[in-house]
Amino acid sequence: MSHNKPIRRVAVIGTGVIGASWTALFLANGLEVVATDVAPDAEAALKRFVAAAWPALQRLGLASGASQNKLTFTAALTTAVKDVDLVQENGPEKIDFKRTLYRQLDELLHPSVIIASSSSGLTMSEIQAACEMHPERCVIGHPFNPPHLVPLVEIVGGAKTSEDTIRRATEFYAGLGKRPVRLNKEVPGHVANRLQAALAREVYHLVAEGVISVADVDTALCWGPGLRWGIMGQVMLNHLGGGQGGIEHFFQQFTGPMTAWWKVLGSPQLTPEVQKKLIDGVHAEVGSRSIDELEAERDEILLGLIELRRQVAKGGNPKATERVA
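Anyway, here's the lowdown on the structure attached to this text. Predicted model only: the values in this text are computed from it and were never measured.

The rules behind the values
- In this numbering scheme, every chain counts its residues from 1 along its sequence in written order.
- Local features are withheld for residues below a pLDDT of 70 in this predicted model, meaning they are given only at 70 or higher, and side-chain atom pairs are given and counted only at 80 or more; totals for whole chains, interfaces and linings count all residues.
- Hydrogens and water are ignored here; the side-chain numbers use all heavy atoms of the structure.
- The term salt bridge refers to a side-chain nitrogen of Lys or Arg lying within 4 Å of a carboxyl oxygen of Asp or Glu.
- Numbering goes from the N terminus for both helices and strands, where a helix is a DSSP run of H or I of at least four residues and a strand is a run of E of at least two.
- Only protein chains enter the calculation, and the probe is 1.4 Å; a residue is then buried if its accessible area is under 20% of its type maximum, exposed if over 50%, and partly exposed in between.
- Buried Ala, Val, Leu, Ile, Met, Phe, Trp, Tyr and Cys residues form a nonpolar core when they are joined through side-chain atoms within 4.5 Å.
- The criterion used for residue contact is that any of the two residues' heavy atoms lie within 4.5 Å.
- Each residue after the first adds 1.5 Å to the expected span of a helix.
- Whether two strands pair depends on DSSP finding at least two bridges between them.
- For helices, the fitted axis covers only the stretch in contact; all axes are lines through C-alpha atoms, and the angles between them, taken along N-to-C directions, range from 0 to 180 degrees.

Description of the pattern of salt bridges
So, step 1. Counted under the stated rule, the structure contains 14 salt bridges.
So, step 2. A salt bridge links K5 to D85; its shortest N-O distance comes to 3.0 Å. With K5 in the segment before β1 (9-13) and D85 in the loop between α3 (77-80) and β4 (86-89), this pair connects stretches of sequence that are 80 residues apart.
So, step 3. Classification of K5 by relative accessible area gives exposed; the value is 54%.
So, step 4. R289 is paired through a salt bridge with E297; the nearest N and O atoms lie 3.4 Å apart.
So, step 5. Exposure remark for R289: the relative accessible area of 34% places this residue in the partly exposed category.

Written as structure tokens, this is what we have:
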């Protein structure tokens, strides 16, 4: 069955870091949002987050009808999901919790309503097994933190997810300015988190073995390949790495050295001692800066990069900045 009803009203279940960020993005796109969370201070915390995120969203451009006043909050799940067009679920990463919740949602919601999970590791096949009525409308819509700024969203269907649901979810997220990627197979952790895990594995190994300090390995990443990764993906960068010969020449030149490095990559054990080494290194790198200050620095640079990429994508030329002596 195909459903073409526009998505105008969204329920956000769970308003922690991810749920709050989704809420801000949905509101910035002119949607009505009904949020629900059982935490006693959840409503106040959510409204503070949205208010704090709003200037950045204004800078990126608000949709017609965007308003923080389109947010309502209720602690009652049945009230939150009444008459909604899509549910964005952000509950704990516990399979029993999610199955219980999805069983409830399956009974409460009209068959046309998409149930999207922000789950970062659980597969939709595991989750939707609890839905006896309409498992076909369940899908993973996994964002990258913070969702109101970072465009990536991973779309992953389960064994019983319909192609219509995949299509509708992809169109919905793309309409918010997101960059959806579809996974053709389910794997634990999806794709982006697996890429992060692979990199973290080698970072922790190098620090544990005393090859480099925490501060220096972070510098090596964010002032080296990290700058390029903010522009193009690994395979495209390999294409450029081959010079005029492109990806074909890259493989001719670097297959040997690269595969030799693979054989000596580390498999660190995160023992208490290794964790302490990493923790001490992080605090030395952070100094007196608070989490809020670090988040503000991250978000400001993210905004600048997003704005620059938008400008280039539209065919504009970034303004040249004068060099200050």
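Remarks on the nonpolar core
So, step 1. V10, F26, V139, F172, Y173 and L176 are the most contacted members of the largest nonpolar core, which totals 30 residues.
So, step 2. Here this core gets 7 residues from one element, more than from any other, and that element is helix α1 (residues 17-28).
So, step 3. With residues up to four places along the chain from it excluded, the contact list for F172 reads I7, V10, F26, L31 and L86.
So, step 4. Of all hydrophobic cores here, the second largest spans 20 residues; its members include A11, L122, I127 and L183.

Brief notes about the environment of C138
So, step 1. Tracing the backbone through its elements, the reader meets C138 in strand β6 (residues 138-143).
So, step 2. Taking relative accessible area as the criterion, C138 reaches 0% and is therefore assigned buried.
So, step 3. For C138 and S119, which are 19 residues apart along the polypeptide, the C-alpha to C-alpha distance reads 12 Å.
So, step 4. With residues up to four places along the chain from it excluded, the contact list for C138 reads Y102, I115, M124, Q128, C131, T161 and T165.

With respect to helix α12 (residues 272-286)
So, step 1. Here α12 is 15 residues long and its end C-alpha atoms lie 21 Å apart, about the 21 Å a rise of 1.5 Å per residue gives.
So, step 2. Taken together, the buried residues of α12 touch α7 (192-208), α8 (214-222) and α13 (291-313).
So, step 3. Remark: G287 follows α12 within two positions and exhibits a positive phi of approximately 65 degrees.

Here's the deal with the sheet that holds strand β3 (residues 71-73)
So, step 1. Judged by pairing direction, the sheet is mixed, and its 8 strands sit side by side in the order β3-β2-β1-β4-β5-β6-β7-β8 without closing on themselves. Of all strands in the sheet, those with a lone pairing partner are β3 and β8 (179-183), marking the two edges. This sheet shows a mean twist of 25 degrees between the axes of neighbouring strands, independent of strand direction.
So, step 2. As paired strands, β1 and β4 are joined by 4 bridges and run parallel to one another. Bridging from a neighbouring strand, A11 pairs with V87 of β4.
So, step 3. This element, helix α6 (residues 163-175), spans β1, β4, β5 (114-117), β6, β7 (152-157) and β8 of the sheet and lies at about 170 degrees to β7.

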